[in-house]
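Spelled out from the first residue to the last, the chains are:
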Amino acid sequence: MRILGINCMNHDAAMAVVEIIHGVGKVLWAAHAERYSKVKNDHYLNWGIVNEAMTFGPFDKVVYYEKPWLKKTRQIYATQYSEAFSYTELPQWHLDHFNIKIDEYVKHHDSHAAAGYYTSPFREATILTVDAIGEWDTVSISTADKIWIERKETIRYPHSIGMLYSAFTHRCGLKPAEEEYILMGMSAYGEPKYKDDIYNDFVEQSPFKLKQNLHRGIGHWHPEADVMDIAASIQVVTEELLAGLWHKASKYGSRNLVYAGGVALNCAANRVLANLGLFDNIWIIPNPGDAGSSLGCIAASEKQFIQWEHPFLGHNIEGEYPVDALMKELKENKMVGVANGRAEFGPRALGNRSLLADPRGEDIKDLVNLIKKRQKFRPFAPAILEEDVNDYFDLPTGVKNTPYMQYTAACTHGKDFPAIIHHDHTSRVQTVRKTDNPGFHSLLTEWKKQTGCPILLNTSLNIKGQPIVNNREDGKAFTKKYGVQVLG
Ligand SMILES: [Fe+2]
């Protein structure tokens with residue numbers, strides 16, 4: 001049984017293919033539309049990604065990640081009439097262009113929950129999903145046992161923690177539903193001076209409710225304020241609201257938490273979650289947002305576990321991981337790009353589509369920023385061999401590794417590595433193990449052997465304003481534009 005899962009017409013269209021043999025699913029391929037169209041956060045599919053998906057066909061079934069007619073009822077309620085009454089806003093209309101017929105539609109939060117649970121190592125768990133909005137649901141708590149998921153609690157539109165955070169993303173001059181990670185980074189630079197004002201103006205805490213519908217943002221709320229202070233304030237409020245949900249989820253008795261939805265990408269909040277110690281084990285799929293639901297809708301439809309091995313599921317650039325050539329460039333030029341093997345399914349480059357650099361010294365951050373041209377306050381992420389992580393970072397309570405950059409951790413050697421340390425002395429650390437990515441693991445091992453340093457700076461390999469590189473040609477374009485070698 002071979003199934004195609006699709007998510008599109010939101011902020012990160014994606015496709016996934018799963019094969020189910022004897023009751024166990026295997027992901028054959030999963031990818032983001034933006035990597036093929038070169039349109040960042042592309043809402044729509046394109047022939048590039050569709051043609052690649054079809055090489056894994058034919059398919060016994062095509063599943064879509066949400067229920068479009070149910071979504072329209074919410075859009076009518078929200079007076080979004082142009083979207084609600086437009087037939088071009090229906091996914092089947094879009095997919096007709098590619099001769100793809102949808103066989104089944106799965107509810108938005110069921111896709112999120114299934115993406116998390118059925119890829120997790122748990123057979124019983126509590127599932128918490130938190131996002132901005134799908135059809136109506138914004139928060140859901142379910143319990144899961146064997147193959148069954150049972151919804152226990154739901155919070156519905158317009159009461160949405162994700163939408164609250166997105167409204168503040170917009171207030172701080174960033175793109176909502178895309179640049180929440182930048183707002184999270186800004187929060188370390190401010191003081192939460194407006195925390196009480198946020199509660200007074202927008203939020204009732206228990207039970208959680210928004211005092212007004214924030215779908216259209218909060219305008220120029222507190223125009224006099226420093227945006228860093230606003231960022232710090234909304235981050236603290238969000239962590240407090242989430243803590244209420246984490247406690248609630250823990251009341252269902254399981255020591256295993258599956259945490260899903262776009263809000264689970266907030267790695268600073270995830271650190272708070274882990275440190276609360278409410279659960280022994282936490283599983284967050286590396287792609288917990290809507291793109292990951294292209295995989296989740298398949299799992300929800302089939303109610304089958306999917307063997308999770310690693311997130312390298314996208315376009316393949318064939319060849320050996322070029323360890324020796326990468327080492328040479330790193331030692332001579334301090335920086336090198338790598339585009340090798342299958343692309344990461346998820347927002348983070350984890351070693352197969354990465355710009356890597358020597359993290360030591362004062363000047364490397366500016367050197368990499370010459371290329372990335374991003375806000376100077378944003379640090380880069382460290383990749384470190386899993387066996388060395390405790391010598392350099394204090395991981396949150398109970399977290400033994402963080403292979404998908406899902407938690408921030410305090411760095412105990414900050415002075416040696418200023419490029420990978422945030423203002424609050426934390427790093428969004430990636431622990432690397434051989435089973436996830438043997439090539440990148442070999443490179444880090446060799447790097448440590450030759451330099452004594454177990455860390456590499458790891459940031460996504462992309463031309464400014466474009467998505468992460470996908471194929472060999474994109475790598476060549478990067479070299480042509482920036483003069484930095486891309487090997488693979
Ligand atoms: Fe979602």
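Above: the structure in question.
As the structure is a computational prediction, the values presented were derived from the model and not from experiment. (Residues numbered from 1 in each chain as written. Predicted model: local features only at pLDDT ≥ 70, side-chain atom pairs only at ≥ 80, totals over all residues. Heavy atoms only, no water.)

**Student:** Teacher, can you tell me more about the sheet that holds strand 23 (residues 455–460) here?
**Tutor:** Note on sheets: strands pair through backbone hydrogen bonds, and any given pair is parallel or antiparallel. Read across the open sheet, the six strands follow the order 22-18-23-17-15-24; overall the sheet is mixed. If you trace the sheet from one side to the other, it starts and ends with strand 22 (430–432) and strand 24 (486–487), each paired once. In terms of strand pairing, strand 15 (residues 335–339) meets strand 24 through two bridges, oriented parallel. Counted as the bridge partner of G337 is V486 from strand 24. (Pairing = 2+ DSSP bridges. Helix = DSSP H or I, 4+ residues; strand = E, 2+ residues; numbered from the N terminus.)

**Student:** Before we go on, may I ask you to explain the packing of aromatic side chains in this structure?
**Tutor:** When we look at a pair of aromatic rings, we describe it by the centre distance and by the angle of the planes. All told, the structure shown has 20 aromatic pairs when counted by the stated rule. Judged by centre distance (6.3 Å) and plane angle (85°), the ring pair of W283 and Y404 falls under edge-to-face. One end of the pair, W283, is in strand 12 (residues 281–283); the other, Y404, is in the loop between strand 19 (393–394) and strand 20 (408–411), with 121 residues separating them in the sequence. No difference in accessibility class separates W283 from Y404, as the two residues are buried. Each member of the aromatic cluster is reached from another via a ring pair, and the members are F168, Y194, F202 and W221. Above the plane of the ring of F305 lies R123, whose end atom (NZ or CZ) is 3.5 Å from the centre. (Phe/Tyr/Trp six-rings, centres within 6.5 Å; stacked < 30°, edge-to-face > 60°. Buried < 20%, exposed > 50% of the residue type's maximum accessible area, 1.4 Å probe, protein only. Lys NZ or Arg CZ within 6 Å of the ring centre and 35° of its normal.)

**Student:** Explanation requested: the pairing of strand 6 (residues 124–130) in the structure shown.
**Tutor:** The side chains of a regular strand alternate, residue by residue, between the two faces of the sheet. Counting buried positions along strand 6 yields six of seven residues, so the element is predominantly enclosed. As judged from the seven bridges shared by strand 6 and strand 7 (residues 137–145), these two strands associate in the antiparallel manner. Within the sheet, the bridge partner assigned to T129 lies in strand 7 and is S140. What sits between the antiparallel neighbours strand 6 and strand 7 is a turn of six residues.

**Student:** Would you take a moment to explain a positive patch on the surface for this structure?
**Tutor:** Taken together, K40, K373, K464 and K481 make up a surface patch of like positive charges. A relative accessible area of 46% places K464 in the partly exposed class. (Patch = residues over 30% accessible without salt bridge, like charges linked within 9 Å, V, L, I, M, F, W, Y side chains within 5 Å. Areas by Shrake-Rupley, 256 points an atom, 1.4 Å probe, with all protein chains shown as cover. Salt bridge = Lys/Arg side-chain N within 4 Å of Asp/Glu carboxyl O. Lys, Arg positive; Asp, Glu negative; His and termini not counted. Charge placed at Lys NZ, Arg CZ, Asp CG, Glu CD.)

**Student:** Help me understand helix 2 (residues 47–54) in this model?
**Tutor:** Helical geometry: 3.6 residues make up each α-helical turn, so side chains three or four residues apart lie on a common side. Those residues of helix 2 lying buried are I49, V50, E52 and A53. Down the axis of helix 2, the smallest arc covering the buried residues is 165°, so these residues share one side. Capping the start of helix 2 is the job of one residue whose side-chain oxygen sits 3.0 Å from the backbone nitrogen of G48: N46. (Arc of directions from axis to C-beta. Polar contact = N/O pair within 3.5 Å; in protein donor to acceptor, adjacent residues only side chain to side chain.)

**Student:** What am I meant to see in the nonpolar core here?
**Tutor:** One recurring pattern in soluble globular proteins is that nonpolar side chains are buried together. Of all hydrophobic cores here, the largest spans 100 residues; its most connected members are L164, F168, Y259, F393 and L443. Ranked by residue count, the leading element in this core is helix 10 (residues 227–250), at 11 residues. Those residues in contact with F393 that lie beyond four places of it in its chain are P382, I384, A409, A410, C411, T412, I420, S427, V429 and I455. In this structure, I3, V106, V258 and M405 belong to the second largest nonpolar core, which totals 61 residues. (Core = buried A, V, L, I, M, F, W, Y, C linked by side-chain atoms within 4.5 Å. Contact = heavy atoms within 4.5 Å.)

**Student:** I would appreciate a short explanation of the pattern of salt bridges in the present structure.
**Tutor:** A side chain with one charge can pair with a side chain of the opposite charge if their charged atoms come near. This model, assessed by the stated rule, comprises 22 salt bridges. In this structure, R156 engages D137 in a salt bridge whose closest nitrogen and oxygen atoms are separated by 3.6 Å. Here D137 lies in strand 7 and R156 lies in strand 8 (residues 148–156), a separation of 19 residues in the sequence. Given the relative accessible area of 45%, R156 is considered partly exposed. Between E153 and K248 there is a salt bridge, and its shortest N-O distance comes to 3.2 Å. Linking E153 in strand 8 with K248 in helix 10, this pair joins segments that are 95 residues apart in sequence.

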